[in-house]
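# Understanding the architecture of this molecule
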Amino acid sequence: MPPLWPAAGSPPARKEPPVAVVESSRTGDLPPSRTDDWWRDAVIYQVYPRSFADGDGDGTGDLAGVRANLPYLAQLGVDAVWFTPWYLSPLVDGGYDVADYRTIDPAFGTLDEAEKLISEAAEFGIRTIVDIVPNHLSDQHAWFQAALAAGPGSPERERFHFRPGRGENGELPPNNWPSQFSGDTWTRVPDGEWYLHLFAPEQPDLNWSHPEVRREHEDVLRFWFERGVAGVRIDSAALLTKHPELPDFTEGVDPHPYIDQDEIHDIYRSWRAIADEYDGIFVGEVWLPDSERFARYLRPDELHTAFNFNFLACPWDADRLRRTIDDTLAEHAPVKAPATWVLCNHDVTRTVTRYGREDTAFDFDTKAFGTPTDLELGTRRARAAALLTLALPGSVYLYQGEELGLPEADIPLSRIEDPMHFRSGGTDPGRDGCRVPLPWVSGEPHSGFGSDTEPWLPQPAYWPQYAVDVQSEDPASMLALYRTALRLRRETPGFGDGPMAWLPADNGVLAFSRTDALVCVVNLSGTPATLPSHAELLLASGPLTEDGRLPSDTAAWLRR
Ligand code: NOJ
């Protein structure tokens, strides 16, 4: 192991970053996406609106901030933007506690602004994907407030999972279900009944066997498709339907009482019919270890795509990555769905930090405060991983700030907001470290995020060196690498959806071709690797050795 640096969040001594080598000079406007099925090979940029850019200067990112920066996204070269929830919400779980799907939270803007944003983005050739959270609502949603007021046995309570408790006086929760966050899954209300919440108590679960729940969500889908969105991300997509008797959970006994119930597919078939009317697409948040069960969600009459969390969680190891890539392609092939490739999102440790640690896998259970991190190493690997990811067959998700190589930030305890931290009893640092407001302009207050108002989460003191203006001037920056890679990926036949074939390579080296002419090589071994013979080096994530070999933790795209 190279020397480990202090924990994420300590100012990294940012050494000269490696140089992106571009031998072919390509300029001019981006050509349109290659296929009609744009989602089969799109690059989709995830915007966390609260932290993207603050247009009104109140310390919270908003839609005005996104609208002002659409040229930035267009220049980056993304095909679509996925917005994490922007609806009316008490923001107990960062907006995944929705109080009204048809209203934009005033902290972010108005419905009128959202409509303008969708059409302005389209003018830049950027499609919009919204986030729907069907498993649960906010406890402030009118339905839940009505259920509380109406009392036990009422039709209003039937939209949720209300039950009497167990024990002599109903003082014990109705079952033993584990939470998706740590902590309880049942909360007792003053009249003695309990309600189910797989996440925080402020996120009561909906009862998906209730026809009104289904109708309401179908209507919400239409509401957003009517406003011109191109797709919908489905939150917690495998959790909606529960075993009707809500039986206790027993480790190792199948089927699980609330994960991946067979009945769930019926919901997605009806959703697909709606999406098809609008030419819309779905991407499901489906965390399932069983690849056959996972692929069921991607049958031709269900979801178009689902996030590839196995790839996201995979350690920086050639054999493990190769196996994950093979498994991914094998599980998608029978249902003819394109794979997605994801390195991080708003729930997980930022890529440069994860790859700079001794354990380069991602696992919610092992997140801890103060994990030693070598950010220089992590950044080098993240650059190589970017070229690997963008060369694989299918679509790619990019989380805001990934293109800047932002590290996971240490958040002072007094400023942590994430319920995952509190529900763990304070042992889990939570997810705020990857949600810190973006740095735009190095010399401005709070790196140009908004105004001089303190942002909702504090930015580390070293944030200015990652600012967009600094990186735009630096041809060796992470931003320059992403801009070039996205442009080449769009212009060069063979990237995106389509076949790939592994090429012979030394131990610890991944090499594959996308067409006879196009090759990607990633060196995860400890020594420089000889590149296969090629006519042109299109792009490398760092400088080659003097004798033209590919150093450790470096990737290259070649034209043969
Ligand atoms: C998954 C989302 O990505 C996460 O941020 C949220 O906390 C849970 N689902 C609950 O909605």
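Please read all numbers here as calculations on a predicted model, not as lab measurements. Within every chain, residues take consecutive numbers counted from 1 along the sequence as written. Reporting of local features is limited, given that this is a predicted model, to residues whose pLDDT is at least 70; pairs of side-chain atoms are given and counted only at 80 or more, and all residues count toward the totals for whole chains, interfaces and linings. To get the side-chain values, take all heavy atoms of the structure and skip hydrogens and water.

### Description of a negative patch on the surface
Patches here: salt-bridge-free residues with over 30% relative accessible area, like charges joined within 9 Å, nonpolar side chains (Val, Leu, Ile, Met, Phe, Trp, Tyr) joined within 5 Å. Accessible surface is estimated by sampling points in the Shrake-Rupley manner with a 1.4 Å probe; for residues, cover comes only from the protein chains shown. Should a side-chain nitrogen of Lys or Arg be within 4 Å of a carboxyl oxygen of Asp or Glu, the pair is scored as a salt bridge. Two residue types count as positive, namely Lys and Arg, and two as negative, namely Asp and Glu; His and chain ends fall outside the count. Every charge is mapped to an atom, namely NZ of Lys, CZ of Arg, CG of Asp or CD of Glu. There is a patch of like negative charges on the surface, built from E358, D359, D363 and D365. Secondary structure elements follow DSSP: runs of H or I of four or more residues count as helices, runs of E of two or more count as strands, with numbering from the N terminus. Structurally, D365 can be placed in the loop between α11 (351–354) and α12 (375–391). Buried means the residue's accessible area, taken with a 1.4 Å probe over protein chains only, is under 20% of the maximum for its type, while exposed means over 50%, and partly exposed covers the values in between. Judged by its relative accessible area of 69%, D365 falls in the exposed class.

### Section: the sheet that holds strand β16 (residues 518–523)
Here, any two strands with at least 2 DSSP bridges between them count as paired. An order of β14-β15-β16-β18-β17 is seen for the 5 strands of this open sheet, with the pairing classed as antiparallel. Only two strands of the sheet have a single neighbouring strand rather than two, namely β14 (501–502) and β17 (536–540). As defined by bridge partners, β17 adjoins strand β18 (residues 554–559) across 4 bridges and the pair is classed as antiparallel. The partner of L539 across the bridge, within β18, is W557. Pairs of residues are marked as contacts when any of their non-hydrogen atoms sit within 4.5 Å. Lines fitted to the C-alpha atoms define the axes, with helices restricted to the stretch that makes contact. Angles between their N-to-C directions range from 0 to 180 degrees. With respect to the sheet, α12 is in contact with β15 (509–515), β16, β17 and β18, its orientation differing from that of β18 by roughly 40°. Sitting on the sheet, helix α15 (residues 478–491) touches β17 and β18, and the angle it makes with β17 is about 135°.

### A closer look at the domain arrangement of the chain
On domain assignment, one finds that the chain holds domain 1 (38–135 + 212–491), domain 2 (142–196) and domain 3 (501–559). Segmentation into domains, and thus their bounds, comes from an automatic or database assignment. Taking only C-alpha atoms into account, the centre of domain 2 sits 57 Å from that of domain 3.

### Here we look at the site of the ligand
Throughout, the term near means that a residue has one or more heavy atoms lying within 4 Å of the molecule or strand in question. Contacts to the ligand come from 13 residues, most closely from D93, H136, D235, H346 and D347. Pairs of N or O atoms within 3.5 Å make up the polar contacts considered here, provided that, within protein, one atom can donate a hydrogen while the other can accept it, and that residues adjacent in sequence are counted only when both atoms are side-chain atoms. With respect to the ligand, the side chain of R233 contributes an N or O atom lying 3.1 Å from an oxygen atom. At a separation of 3.5 Å, a nitrogen atom of the ligand approaches a polar side-chain atom of S236. Taking 300 Å² as the accessible area of the ligand by itself, protein coverage stands at 97%. Space inside and on the surface of the protein is sampled on a 1 Å grid over the protein atoms alone, with a cavity defined as a set of points where a 1.4 Å probe fits but cannot get out and a pocket as an open set with protein on both sides within 12 Å along at least 5 of 7 lines; lining residues have an atom within 4 Å of a point. A molecule is counted as occupying a cavity or pocket when more than half of its atoms fall within 2 Å of that pocket's grid points. Among the cavities detected, the one that contains the ligand is the largest pocket. Under the convention adopted here, Pro, Cys and the residues Ala, Val, Leu, Ile, Met, Phe, Trp and Tyr are nonpolar, Asp, Glu, Lys and Arg are charged, and Gly plus all remaining residues are polar. In the shell around the ligand, the residues fall into 3 nonpolar, 3 polar and 7 charged.

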